[in-house]
Amino acid sequence: MTDIALVGSQVRYEQKSYWRNPGAAFFTFAFPLVFFVILVSTAGQQTDKSDLGVYMHNGHLVAIKLSQYYTPSILAYAVMSACYLAIAMTLVRQREAGILKRMRGTPLPSWAYLSGVIGSSVIVAALLSIVSVGFAIVAYGVYFPAGHILPLVVTILLGSLAFCALGIAASSVIPNIDSGPAIANFPFFILVFISGTYFPISGTLEKISRDLPLRPMIESMLKLFDPSNTGSLWDGRDLLVLAIWGAASTVFAVRHFKWTPRRG
């Protein structure tokens, strides 16, 4: 088999394994939608306003509708969950069960196996993105013109790959499956809370979060969902931050990834 065919075969295998657990798949897709509805409804009742200041643009705080704000926020949250959390926990579970060790002893190259895991997660993230954006447009009339599709696809793809690399890197420092949820969720929820996923941020917190991986993805997509944005649809700085995090995580994973159980 060619390298492409080999990776494609592994991606199909990972996808079959994923969809054979319909309960987990259902809640993976349902949770962001329910979360979106709750946030829009709750924030709307608390502020009693149709607008909400959300992000800095050209030195000014921009205000847009709640549904426009929460669409890219929940979208970035869903992508991070589908890539970072899913990969980190899956690899730790397979490593401690001896599956990775057995896979290493097969003719399948290590890079092909990990490419299959990454490819499957990117597919899930893409489907999540389609469902989330489609729901926001149909249920809440969210503004999103067809001309913004390409920047959105590039941002989601780059973000997915960066969070996949982060997931693989995180699995390298998790010692066992029992500690996996606590260690993996610790940076996950810190990023979610300080990156403006639930509420607008500004000041020092906004400056710090812009150098972390989640906020740049949110801000890059906020420009695409902002009806008042007349500037460029591409945010070079935010995409560069995502690329740097992806590259740094890849280097760390290559140096520290473990294929054998770490029990004892």
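Summarised in this report is the structure supplied together with it. As the structure is a computational prediction, the values presented were derived from the model and not from experiment.

## Here we look at the overall build of the protein chain
Working step 1: Summing up its helical and strand segments, the protein chain has ten helices and two strands in all.
Working step 2: In the protein chain, the succession of helices and strands from N to C terminus is α-α-β-β-α-α-α-α-α-α-α-α.
Working step 3: Computed over the C-alpha atoms, the radius of gyration of the protein chain is 19 Å, within 12% of the 18 Å expected from 2.2 N^0.38 for a compact globule of 264 residues.
Working step 4: C-alpha atoms of the protein chain, sized along the principal axes, occupy 60 × 35 × 35 Å.
Working step 5: Within the protein chain, the proportion of its 264 residues that are buried is 48%.
Working step 6: Looking at the protein chain alone, contacts between residues at least 24 apart form 78% of all its contacts between residues at least 6 apart.
Working step 7: Put simply, the protein chain shows about 12,700 Å² of open surface, and 67% of that area lies on carbon and sulfur atoms.

## With respect to the side chain of T71
Working step 1: By the secondary structure assignment, T71 is in helix α3 (residues 66-96).
Working step 2: We classify T71 as buried; its relative accessible area is 4%.
Working step 3: Within the local environment of T71, its side chain forms a polar contact with the backbone oxygen of S67, the two atoms lying 2.6 Å apart.

## Comments concerning a nonpolar patch on the surface
Working step 1: Where nonpolar side chains cluster on the molecular surface, the patch consists of W19, I123, L127 and I130 and spans about 360 Å² of accessible area.
Working step 2: For the nonpolar patch, the element with the highest residue contribution is helix α5 (residues 110-140), accounting for three residues.
Working step 3: Within the element layout of this structure, W19 appears in helix α1 (residues 3-19).

## Quick look at the packing of α3 against helix α9 (residues 214-225)
Working step 1: Where α3 contacts α9, the axes come no closer than 9 Å and their chain directions differ by 140°. Judged on the interaxial angle alone, α9 and α3 are oblique. Crossing of α3 over α9 shows right-handed handedness. Residue-level contacts link Q68, Y69, T71, P72, S73, L75, A76, Y77, V79 and M80 of α3 to L214, M217, I218, M221, L222 and F225 of α9.

## Digging into the pattern of salt bridges
Working step 1: For the structure on display, the rule yields seven salt bridges.
Working step 2: Notably, a salt bridge pairs E96 with R95, separated by 2.7 Å at the nearest N-O pair.
Working step 3: Salt bridges here are not isolated pairs; linked through shared partners, they connect R210, D211, R215, E219, R237 and D238.

## So, α5
Working step 1: With 31 residues, α5 should cover 45 Å at 1.5 Å per step; its first-to-last C-alpha distance of 44 Å lies within 8% of that length.
Working step 2: G141, located one to two residues past α5, shows a positive phi value of around 65°.

## Examining the environment of R104
Working step 1: If you trace the backbone, R104 turns up in helix α4 (residues 99-104).
Working step 2: For R104, a relative accessible area of 47% corresponds to the partly exposed category.
Working step 3: With 79 residues separating them along the chain, R104 and A25 place their C-alpha atoms 27 Å apart.
Working step 4: The residues contacting R104, other than those within four sequence positions of it, are S110 and W259.

## Remarks on α9
Working step 1: Taking 1.5 Å of rise per residue, twelve residues should cover 16 Å, and α9 covers 17 Å from first to last C-alpha, within 8% of that figure.
Working step 2: The buried count for α9 comes to twelve of twelve residues, which makes it a mostly enclosed element.
Working step 3: Within α9, burial applies to L214, R215, P216, M217, I218, E219, S220, M221, L222, K223, L224 and F225.

## So, the nonpolar core
In globular proteins that are soluble, nonpolar side chains generally tend to be buried together.
Working step 1: By size, the foremost hydrophobic cluster in this structure holds 59 residues, and its most contacted members are Y84, L91, Y113, L152, F163, L214 and M217.
Working step 2: Secondary-structure elements contributing two or more residues to this core are α2 (22-47), α3, α5, α6 (149-173), α7 (180-194), α9 and α10 (236-256).
Working step 3: By residue number, the principal contributor to this core is α3, which donates 17 residues.
Working step 4: Setting aside chain neighbours within four positions, we find M217 in contact with A76, V79, T155, I156, G159, F163 and L242.
Working step 5: Membership of the second largest hydrophobic core comes to five residues, among which are A78, A82, V124 and L128.

The rules we used
Just so you know, the residues in each chain are numbered from 1, in the order the chain's sequence is written. Side-chain atom pairs in this predicted model are given and counted only at pLDDT of 80 or more, local residue features only at pLDDT of at least 70, and totals for whole chains, interfaces and linings cover all residues. Based on all heavy atoms of the structure, the side-chain values leave hydrogens and waters out of the count. Think of it this way: any DSSP run of H or I at least four residues long counts as a helix, any run of E at least two long counts as a strand, and we number them from the N terminus. Every radius of gyration here is taken over C-alpha atoms, with the globule rule written as 2.2 Å times N^0.38, N being the number of residues. Exposure is judged per residue with a 1.4 Å probe applied to protein chains only, and the accessible area is read against the type maximum: over 50% gives exposed, under 20% gives buried, and values in between give partly exposed. Whether two residues are in contact is decided by their heavy atoms: any pair within 4.5 Å suffices. Note that accessible areas follow from Shrake-Rupley with a 1.4 Å probe, and for residues the cover is restricted to the protein chains shown. We define a polar contact as two N or O atoms separated by no more than 3.5 Å, with the added condition that, inside protein, one atom must be a possible hydrogen donor and the other a possible acceptor, whereas residues neighbouring each other in sequence contribute only through side-chain atom pairs. Patch rule: a residue counts if its relative accessible area is over 30% and it has no salt bridge; like charges are joined within 9 Å, and nonpolar side chains (Val, Leu, Ile, Met, Phe, Trp, Tyr) within 5 Å. Salt bridge, as used here, is a side-chain nitrogen of Lys or Arg placed within 4 Å of a carboxyl oxygen of Asp or Glu. Angles shown run from 0 to 180 degrees and are taken between the N-to-C directions of axes, each axis being a line fitted to C-alpha atoms and, for helices, limited to the stretch in contact. Should an angle fall under 35 degrees it is taken as roughly parallel, and over 145 as roughly antiparallel, whereas 65 to 115 is taken as roughly perpendicular and any remaining angle as oblique. Two helices that cross are described as forming a left-handed crossing if the nearer one is turned anticlockwise from the farther one by less than a right angle, and a right-handed crossing if clockwise. To estimate the expected span of a helix, count its residues, drop one, and scale the result by 1.5 Å. Put simply, buried Ala, Val, Leu, Ile, Met, Phe, Trp, Tyr and Cys residues joined by side-chain atoms within 4.5 Å make one nonpolar core.

No statement about biological role is implied by the geometric values presented.
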